[in-house]
Amino acid sequence: MRFRYETRPARVVFGRGAVRTALVGEIEHLGVQRVLVVTDRAHEATAREVTAGFADAVVGRFAGAEPHVPLAVAMRAVTLARDLRADGVLTLGDGAATGTGKIVARETRLPILAVPTGYPATELTPVWVTTSAGRRESGTDPGVLPRSVVLDPDLTDAQPWTAAVGAGLTAVAQAVEAHWAPGANPVSSVLADEAVSALAAGLRGRAAAPHGREPEDEVADPVGTWAGTSQEAGEQLLYGTFVAATVRSVTGTGLHHRICHLLAGTFDLPPEQLHAVVLPHVLAFNAPAVPAAAARVARALGADHPVLGLRGLCAEVGAPRGLVELGMRRDQLEEAIIRLCAALPLPNPRPVGTADVRELLTAAYGG
């Protein structure tokens, strides 16, 4: 047996109430004495509340983080960090806050303490992203990987049901594809199994909770527990997304994510729901080439068959089945087939030809 496994040097603190109890210790662990707090307007009040215990160390606050990380906005945060002579960055919020903090780290090499209020993804990767003049740029830099990440189910339990389902199924896709992604290895596959098992339990538990399917009835407290969510289900869902994101950072992604990125970027389809629609078809296509991995996916889902188990989970949480349900038109399907074929060959455990692309995307279109 031969393989290569490279871990990422991130420290994770997981637990209920951690956002209230762990931040002081993490600031001390990083040796930071002049903190710049980066957040968005929606989480500005929460950020002030949870940093009250070390307010003397906070030299400035940037509450202007925006979705898709506009470069001009992020650079204002960079300028503020330099002007205030900050020696560390604390980000609190969703991907906009983390993404903005990463640009500060990229330009200044300051360490990041990240507190995601949603389910973690970018917080566990060394990837940065910006947008400028309608164009998206991205890159990888070990210096932007947060040094410490605090994961608190009290924050993520406040997420609406649709956001929880989207994050959970996105993480399932990351973990399933990790079995055959370019950097797959025996260690990452064990973690992928753990992620799928936890995610399935968390999604099913939250679906069974009162008001699980009625996001308009949810009562969100920025630093509290959604009334309709069992604590165990919320913890399993957050834990599973954390493990899946960790695995993805090691293995990378493959055909499934390539398809989803193409469809989301070209036709403005919702990325989270795309994973639920596309993954069963990619899994069915690849399963004959990776029977051992397919069997592991089935076991992690608690099913006899991997594709049927995945479809059953998607049905339990009310996920869409076809691209047509997401608003994709028939003429766009043909364009998607042409675009994906133009990208061939693609790395995949089973060779992908033009006929395979047409069959796979046509099946995903109708569900």
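Computed from a prediction, not measured in an experiment: that's the story for all the values here. (Residues numbered from 1 in each chain as written. Predicted model: local features only at pLDDT ≥ 70, side-chain atom pairs only at ≥ 80, totals over all residues. Heavy atoms only, no water.)

The final tally for this structure, using the stated rule, is 2 cavities of 30 Å³ or more. Approximately 40 Å³ is the volume attributed to the largest cavity. If you go around the largest cavity, the residues you meet are Val37, Thr39, Glu44, Ala47, Arg48, Arg61 and Ala63. The element best represented in the lining of the largest cavity is helix H3 (residues 44-50), accounting for 3 residues. Here the residues of the lining of the largest cavity are counted per class, giving 3 nonpolar, 1 polar and 3 charged. Reported here for the second largest cavity is a volume of approximately 30 Å³. For the second largest cavity, the full set of lining residues is Ile27, Leu30, Val32, Val35, Gly88, Val89, Leu90, Pro111 and Leu113. Those elements that provide at least two residues to the lining of the second largest cavity are helix H2 (23-30) and strand S4 (88-93). The biggest single contributor to the lining of the second largest cavity is S4, with 3 residues. (1 Å grid on protein atoms, 1.4 Å probe; cavity = no way out; pocket = protein on both sides within 12 Å on 5 of 7 lines; lining within 4 Å. Points joined across faces, edges and corners; volume = space filled by probe spheres on them. Helix = DSSP H or I, 4+ residues; strand = E, 2+ residues; numbered from the N terminus. Nonpolar A, V, L, I, M, F, W, Y, C, P; charged D, E, K, R; others polar.)

This next bit is on helix H4 (residues 71-83). Compared with an ideal rise of 1.5 Å per residue, which puts 13 residues at 18 Å, H4 spans 18 Å between its outermost C-alpha atoms and is within 8% of the ideal. Along H4, the residues that are buried comprise Val73, Ala74, Ala77, Val78 and Ala81. Taken end-on, H4 shows its buried residues confined to a sector of 150°, consistent with a single buried face. With respect to the buried face of H4, the exposed residues turned more than 90 degrees away are Ala72 and Asp83. Looking at the buried residues of H4, the elements they touch are strand S2 (35-38), strand S3 (58-62) and helix H5 (95-108). (Expected span 1.5 Å × (residues − 1). Buried < 20%, exposed > 50% of the residue type's maximum accessible area, 1.4 Å probe, protein only. Arc of directions from axis to C-beta. Contact = heavy atoms within 4.5 Å.)

Before going further, it helps to examine the packing of helix H11 (residues 271-286) against helix H15 (residues 354-366). Angle between the axes and distance between the axes are the two parameters that describe a pair of packed helices. Between H11 and H15, the shortest axis-to-axis distance is 9 Å and the interhelical angle comes to 140°. With respect to H15, the element H11 is oriented oblique. Relative to H15, H11 is oriented so that their crossing is right-handed. Residues Val277, His281, Val282 and Phe285 of H11 form the contact with H15, whose own contacting residues are Asp356, Leu360, Ala363 and Ala364. Each residue belonging to the contact of H11 with H15 can be placed in one class, and the counts come to 6 nonpolar, 1 polar and 1 charged. (Axes fitted to C-alpha atoms, helices over the stretch in contact; angles between N-to-C directions. Parallel < 35°, antiparallel > 145°, perpendicular 65-115°, else oblique. Left-handed = near helix turned anticlockwise from the far one by under 90°.)

Moving on, we come to the confidence of the model for the protein. Per-residue pLDDT for the protein averages 91, and the proportion of residues at 70 or more is 94%. Below a pLDDT of 50 lies the segment residues 211-228, which in the model reaches 42 contacts outside its immediate sequence neighbourhood of four places, other chains included. (pLDDT = per-residue confidence, 0-100.)

Our next topic: the nonpolar core. Core analysis: the largest hydrophobic core is formed by 63 residues, its most contacted members being Leu169, Val176, Leu283, Leu301, Leu310 and Val317. In terms of residue count, the dominant contributor to this core is helix H7 (residues 161-177) (10 residues). Excluding residues that lie within four positions of it along the chain, valine 176 makes contacts with Val196, Leu279, Leu283 and Val297. Val352, Val357, Leu360 and Leu361 belong to the second-largest nonpolar core, a separate cluster that totals 28 residues. (Core = buried A, V, L, I, M, F, W, Y, C linked by side-chain atoms within 4.5 Å.)

Strands pair in a sheet through their backbones, by hydrogen bonds, and they do so in one of two ways: parallel or antiparallel. Judged by pairing direction, the sheet is parallel, and its 6 strands sit side by side in the order S1-S8-S5-S4-S2-S3 without closing on themselves. Each edge of the open sheet is held by one strand with a lone partner, namely strand S1 (11-14) and S3. In this sheet, adjacent strand axes meet at a mean angle of 15° when their direction is disregarded. Two strands pair when backbone bridges link them, and S2 and S4 are joined in this way by 4 bridges, in the parallel orientation. For valine 37, the partnering residue across the bridge sits in S4 and is leucine 90. Against the sheet, H2 touches S1, S2, S4, strand S5 (112-116) and strand S8 (148-151), its axis set at about 155° to S5. Against the sheet, helix H9 (residues 231-251) touches S1 and S8, its axis set at about 170° to S1. (Pairing = 2+ DSSP bridges.)

A few words on the side chain of threonine 170. Structurally, threonine 170 can be placed in helix H7. One polar contact links the side chain of threonine 170 to the main-chain carbonyl oxygen of glycine 166, over a distance of 2.7 Å. Threonine 170 has contacts with Glu272 and His275, leaving out every residue within four places of it along the chain. (Polar contact = N/O pair within 3.5 Å; in protein donor to acceptor, adjacent residues only side chain to side chain.)

Further remarks concern the side chain of glutamine 174. Note that glutamine 174 resides in helix H7. Residue classification places glutamine 174 among the buried residues on the basis of a relative accessible area of 8%. In contact with glutamine 174, not counting residues within four places along its chain, are Ala244, Ala245, Arg248 and His257.

In this structure the tally under the stated criterion is 0 disulfides. Here cysteine 314 is not cross-linked by a disulfide; its sulfur's nearest cysteine counterpart is in cysteine 260, at 12 Å. You can see cysteine 341 has no disulfide; the closest cysteine sulfur is in cysteine 260, sitting 16 Å from it. (Disulfide = S-S within 2.5 Å.)

Turning our attention to the pairing of S8. The side-chain alternation of S8 yields two buried faces, one formed by Ser148 and Val150 and the other by Val149 and Leu151. In terms of strand pairing, S1 meets S8 through 4 bridges, oriented parallel. Residue pairing across strands places phenylalanine 14 opposite leucine 151, the latter belonging to S8. Relative to S8, S5 runs parallel, the two being bridged by 2 bridges. For alanine 114, the partnering residue across the bridge sits in S8 and is valine 149.

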